[in-house]
Amino acid sequence: MADGTVRIDGNSLLLAGGVRVRFIRTLRLPETGTHALPPGLGEFPLRRVEDYPQTVPAEWLARGGVMLPVYLREAMWLSFSASEPAALQVGAGKVCAVSGRPWSPRPARDPQNYVVLPRQPWLDGINSGKGTVRQFVAVPLGLGATVEGQVTGEEVWGGVQLQSFPLTETALHAWREEQRRLAQEAVRRQARTASGDYGAPAPMSAPGAMAAPAGPPQPGGAVPAAPAAAPRASGAMGLGVGGSMRQEVYKDDRPLSDWSTSASGRVFVHLVTPPEWRRITGEAPPPSPVDRAAYTRAGLPWFDYYDQDATDLDPTDALGAVKPVGDWLGDDHTPWQPPSPGQVKPLGDAPGKPVGDGDW
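Keep in mind that this is a model prediction, so the values were computed, not measured. (Residues numbered from 1 in each chain as written. Predicted model: local features only at pLDDT ≥ 70, side-chain atom pairs only at ≥ 80, totals over all residues. Heavy atoms only, no water.)

**Structural notes on the side chain of Glu148**
Test applied: The helix and strand labels rest on DSSP assignments: H or I over at least four residues marks a helix, E over at least two residues marks a strand, and numbering proceeds from the N terminus. The rule is simple: take the accessible area with a 1.4 Å probe, protein chains only, and divide by the maximum for that residue type; under 20% is buried, over 50% is exposed, in between is partly exposed. The charge count includes Lys and Arg as positive and Asp and Glu as negative, but it does not include His or the ends of the chains. Salt bridges are identified by distance alone: a Lys or Arg side-chain nitrogen within 4 Å of an Asp or Glu carboxyl oxygen. We call two residues in contact when some of their heavy atoms are within 4.5 Å.
As for its position among the elements, Glu148 is in helix H2 (residues 147-152). It is Arg63 that comes nearest to the buried, bridge-free Glu148 among opposite-charge side chains, at 7.6 Å. Ignoring anything within four residues of it in the chain, the contact list for Glu148 reads Ala92, Gly93, Val95, Gly153, Glu154, Glu155, Val156, Trp157 and Gly158.

This is the structure we're talking about:
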């Protein structure tokens, strides 16, 4: 996809350079305390906006992109992988989820306004604390509870925005040569080991040579679902924040000049309430979110991720000041039942039709 198109592959978005993004349903965390990574509970379905010209709002057609159904106060995380290095910008209502700055047409530093793929395997929320993020939670526009509303004072865009930048030709050639050299070294080491030279070091994966893991494994077994809160009549949704969790947003160790200043692909992701999803597409939305207490009682896993070889980005003032959605909507949590130590699993390092772009 060197032409910059974006496509849907199953429930994934494919951008140029082998960048793959999935939107994962998950458990909503309490808004106090710091928690382990919640599990993935299946993927949100994706549909092209332009396939429903008679039923989507006119402004959505103008912006193009894709849409997905999400319940009021449902949580999500974004899963990333890439076959080659990429700088991926993630916006919440056109506010950068990494830097807290307004949406930018190119990568930037001081503060960094992108995540580095494939080093960054996922993003569960905004970069709001040292070594922590605050969980992405869907809320309606118009209350001021979104990240967009709190940072800019307005709620105009909503949704999620993605924009990917490849390495420059020179930097990409150097990276490919390094991968080729490391692969050759690994083959030679394997040959020496096979010939009986057991003193040879074991082959290791080259940093960045493999796509990062797609995210925590999906839990098995059925978990009773709790009734969802009634969504508002409006279909326009944005991202607010919920609880805090331990997760790093990695600092880029490349010079900024290694990245192209022209995006290889971008897409606007509209968040749709379940009633609007049914009206627009004629399809049934996914079942209501899983109740986290029932999940924990079932003994299913939570996750703890740590990468000692990467540097975490410091939070910015703008994102550090964003308040959780409970400050607007009230606390509807049932009493918190934390997972037992045995439920927290340590994690190590880890083509459809083109999607129409629009004016945003």
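**A few points about the pairing of strand S7 (residues 66-69)**
Note the following rule: One bridge is not enough; two strands pair if DSSP finds at least two bridges between them.
With burial as the criterion, each face of S7 is covered, one bearing Val66 and Leu68 and the other bearing Met67 and Pro69. Here strand S6 (residues 47-48) pairs with S7 via two bridges, running antiparallel. Bridge pairing in S7 places Arg48 opposite Val66. Examined bridge by bridge, S7 and strand S16 (residues 265-272) share four bridges and lie parallel to one another. The partner of Leu68 across the bridge, within S16, is Leu271.

**Some points on the packing of aromatic side chains**
Definition in use: Working definition: a ring pair exists when centres of Phe, Tyr or Trp rings (six-membered ring for Trp) sit within 6.5 Å. Plane angles under 30 degrees give stacked, over 60 give edge-to-face, the rest tilted. By definition here, charges over rings are those cases where NZ of Lys or CZ of Arg is within 6 Å of the ring centre and within 35 degrees of the ring normal.
Taken as a whole and judged by the stated rule, the model has four aromatic pairs. Measuring from centroid to centroid gives 6.2 Å for Trp77 and Trp122, while their planes differ by 75 degrees, and the two rings are edge-to-face. With Trp77 in strand S8 (residues 75-81) and Trp122 in strand S11 (residues 122-123), this residue pair connects regions lying 45 residues apart in the sequence. Judged on exposure class, the residue Trp77 and its partner Trp122 are both buried. Taken together, the ring pairs connect Trp103, Phe268 and Trp360 into an aromatic cluster. Lying over the aromatic face of Trp157, Lys94 brings its terminal NZ or CZ to 4.2 Å of the ring centre. The side chain of Arg254 reaches across the aromatic face of Trp259, ending 6.0 Å from its centre.

**Here we look at the nonpolar core**
As a reminder of what qualifies: Residues enter a nonpolar core if they are buried and are Ala, Val, Leu, Ile, Met, Phe, Trp, Tyr or Cys, with the set joined through side-chain atoms within 4.5 Å.
Counting 49 residues, the largest nonpolar core has Leu13, Val21, Phe23, Leu68, Met76, Phe80 and Leu162 as its most contacted members. The contacts of Leu13, once residues within four sequence positions are left out, are Val6, Arg7, Ile8, Val19, Arg20, Val21, Phe23, Leu46, Val66, Leu162, Val267 and Val269. With nine residues, the next largest nonpolar core counts Ala87, Tyr114, Phe165 and Leu167 among its residues.

**Topic: the environment of Thr170**
Inspection of the secondary structure assignment puts Thr170 in helix H3 (residues 169-194). Of the residues examined, Thr170 reaches a relative accessible area of 66% and is grouped as exposed. Along the chain, Thr170 and Trp259 lie 89 residues apart, while their C-alpha atoms are 9.9 Å from each other.

**Brief notes about the pattern of salt bridges**
Following the criterion strictly, the structure yields 15 salt bridges and no others. Asp9 is the partner of Arg20 in a salt bridge, and the nearest nitrogen-oxygen pair spans 3.2 Å. Of this pair, Arg20 sits in strand S3 (residues 19-26) while Asp9 sits in strand S1 (residues 6-9); the two residues are eleven residues apart in sequence, bridging distant segments of the chain. Judged by relative accessible area, which is 27%, Arg20 ranks as partly exposed.

**Some thoughts on the confidence of the model for the protein**
Here is the rule: Confidence of the predictor in every single residue is expressed as pLDDT, which spans 0 to 100.
Here the protein averages 80 in pLDDT, while 71% of its residues score no lower than 70. Ranking the elements of the protein by mean pLDDT puts strand S18 (residues 344-347) last, at 56, and strand S9 (residues 86-92) first, at 97. Low confidence marks residues 197-234, where pLDDT is under 50. Its contacts with residues over four positions away, or in another chain, come to 79 contacts.

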